[in-house]
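Understanding the architecture of this molecule
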Amino acid sequence: MSRYRIGFDVGGTNIAAAVYDEHYNMIEKASVPFPRGKDVYFVCRVLKNLADELVFENGVKKYDVISVGIAVPGSIDSSGETVIDAHNLGFFDAPMLTASKEAFSEGKEITQNIALINDADAACLAEHKKGVLRGATTAALITLGTGVGGGLIINGRLFKGGRGSGVEMGHMIIEQGGERCTCGNYGCAEALCSATWLINQGRKNFSGMIKTLAGGNIDAVTAKIVVDCAKAGDEVALSIFNKYVESLSSFIASLVNVLDIERVAIGGGVSGAGDFLVNPIIRKVGEKSFFRTHGDIAIAEFENDAGILGAALVHEY
Ligand SMILES: [Zn+2]
């Protein structure tokens, strides 16, 4: 029997899971809605049921599972046992490792080799193993979504912070006295480089093509609409987009200056802008970085499956 691994991506809307073979090819995938308002023990029983669905057929084990990884959108303590803070899940100081081991010992046992991982770290592992960061010894994934997150690979290993508190690159301060961030500080990358920033700017400057594409409905403004309008040459949208490029390039140049990163991957919703975003970013990072040359910058390869694949990879890093 071959050896298989399961990865879970626990999000505030859905829980996704997949079984991978030893080369990390996806064999089967399943998902269920996230049970809102339930505690971590309940959620872990949902994970076990989902794993049972994937692993057993007519009561017979289809896959010999050697490890389970669980990605969560939040911070995990340095011992890897407790989800300290995952707003979207309603988990605070939740003993998720204990709860999952308990759930996975009920009924037909799958494995007790279980580990937790932050979802941005998981996405970084996925890119490093199978995506655009493949082969790099020093690499970063930056995710540009509702917030700004990311993961770091240093010397071929996932860097979890010097004291194990994690990597919060989205809260690098890139503009002194800049806009208020979700963390309470000002001028963080998250405040200036998130999809949320693009949306807010589109709403503040609700006119011309942005207004047309949003159907006159200010609440319908998305980051994609702002980017599409900039692509089409709309002046208002272009000036928003250019400011965004300034912020993002400062953020990436700062990372490059500190770590001399071989390769940076840009993921998350805003990365859908593709070359229209990456090309000016490469140029600006070149201008702003200390070094005469800098490492590659590219759009991340994985979208939705990055979390589950990275979770399945957690025992390798
Ligand atoms: Zn912040």
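Here the structure is a predicted model, which means the values were calculated and not measured.

**With respect to the overall build of the protein chain**
A tally of helices and strands in the protein chain yields ten helices and 15 strands. For the protein chain, the C-alpha radius of gyration of 20 Å lies close to 20 Å, the compact-globule estimate for 317 residues. Its C-alpha atoms put the protein chain at 60 × 45 × 35 Å along the principal axes. For the protein chain, with 317 residues in total, the buried portion stands at 50%. Sequence-distant contacts in the protein chain: of pairs separated by 6 or more residues, those separated by 24 or more amount to 61%. On the protein chain, roughly 14300 Å² of surface is accessible, and the fraction owed to carbon and sulfur atoms is 47%. Once the 29 positive and 37 negative side-chain charges of the protein chain are each reduced to a mean point, those two points are 1 Å apart.

**Observations regarding the packing of helix α5 (residues 195-204) against helix α7 (residues 223-231)**
One way to put it is that α5 packs onto α7 with a least axis distance of 8 Å and a crossing angle of 70°. In terms of their interaxial angle, α5 and α7 are classed as roughly perpendicular. Two packed elements cross with a definite hand, and for α5 against α7 that hand is left-handed. Of the residues in α7, those in contact with A195, L198, I199 and G202 of α5 are A223, V226 and V227. Here the contact of α5 with α7 is built from residues that sort into six nonpolar, one polar and no charged.

**Considerations on the environment of G59**
Structurally, the position occupied by G59 is in the loop between β4 (56-57) and β5 (60-61). The sequence separation of G59 and K108 amounts to 49 residues, and the corresponding C-alpha distance is 8.8 Å.

**Let's talk about the domain arrangement of the protein chain**
Assigned domains of the protein chain: these are domain 1 (3-119 + 306-316) and domain 2 (132-299). With centres defined by C-alpha atoms, the gap from domain 1 to domain 2 works out at 29 Å.

**Here's the deal with the packing of aromatic side chains**
Scanning the entire structure with this criterion turns up six aromatic pairs. Here K38 stacks its cationic end above the ring of F42, 4.8 Å away from the centre of that ring. Over the ring of F56 we find K108; its NZ or CZ atom is 5.9 Å from the centre of that ring.

**Overview of the sheet that holds strand β7 (residues 75-76)**
The three strands are arranged β7-β8-β9 in an open sheet whose pairing can be described as antiparallel. On the outer flanks of this sheet lie β7 and β9 (91-94), each paired with one strand and no other. As paired elements, strand β8 (residues 83-86) and β9 share three bridges and run antiparallel to each other. Paired with V83 across the strands is A94, a residue of β9.

**Overview of the sheet that holds strand β6 (residues 64-72)**
Pairing is mixed in the open sheet, where five strands are placed in the order β3-β2-β1-β6-β10. Both edges of this open sheet fall to β3 (26-33) and β10 (114-118), since each of them pairs with a single strand only. Strand-to-strand twist across the sheet, computed as the mean angle between neighbouring axes with direction ignored, equals 20°. As defined by bridge partners, strand β1 (residues 3-10) adjoins strand β2 (residues 14-20) across six bridges and the pair is classed as antiparallel. When the bridges of β2 are listed, R5 appears paired with Y20. Contacting β1, β6 and β10, helix α3 (residues 119-130) runs over the sheet at an angle of about 100° to β10.

**Here we look at the coordination of the zinc ion**
Within the protein, the atoms that donate to the zinc ion are H171 (ND1), C181 (SG), C183 (SG) and C188 (SG), at distances of 2.0 to 2.4 Å. Coordination at the zinc ion is tetrahedral, judged from the four donor atoms that bind it and the angles of 104 to 121° they form at the metal. All donors of the zinc ion belong to a single chain; written as a sequence motif, their spacing is H-x9-C-x1-C-x4-C. Overall, the relative accessible area of 6% leaves C181 in the buried class.

So, how was this worked out
- Residues numbered from 1 in each chain as written.
- Predicted model: local features only at pLDDT ≥ 70, side-chain atom pairs only at ≥ 80, totals over all residues.
- Heavy atoms only, no water.
- Helix = DSSP H or I, 4+ residues; strand = E, 2+ residues; numbered from the N terminus.
- Rg over C-alpha atoms; globule rule 2.2 N^0.38 Å.
- Buried < 20%, exposed > 50% of the residue type's maximum accessible area, 1.4 Å probe, protein only.
- Contact = heavy atoms within 4.5 Å.
- Areas by Shrake-Rupley, 256 points an atom, 1.4 Å probe, with all protein chains shown as cover.
- Lys, Arg positive; Asp, Glu negative; His and termini not counted.
- Charge placed at Lys NZ, Arg CZ, Asp CG, Glu CD.
- Axes fitted to C-alpha atoms, helices over the stretch in contact; angles between N-to-C directions.
- Parallel < 35°, antiparallel > 145°, perpendicular 65-115°, else oblique.
- Left-handed = near helix turned anticlockwise from the far one by under 90°.
- Nonpolar A, V, L, I, M, F, W, Y, C, P; charged D, E, K, R; others polar.
- Domains from an automatic or database assignment.
- Phe/Tyr/Trp six-rings, centres within 6.5 Å; stacked < 30°, edge-to-face > 60°.
- Lys NZ or Arg CZ within 6 Å of the ring centre and 35° of its normal.
- Pairing = 2+ DSSP bridges.
- Donors = N, O, S within 2.8 Å, 3.2 Å for Na, K, Ca; no water.
- Tetrahedral: all angles 85-135°; square planar, octahedral: opposite > 155°, others 65-115°.

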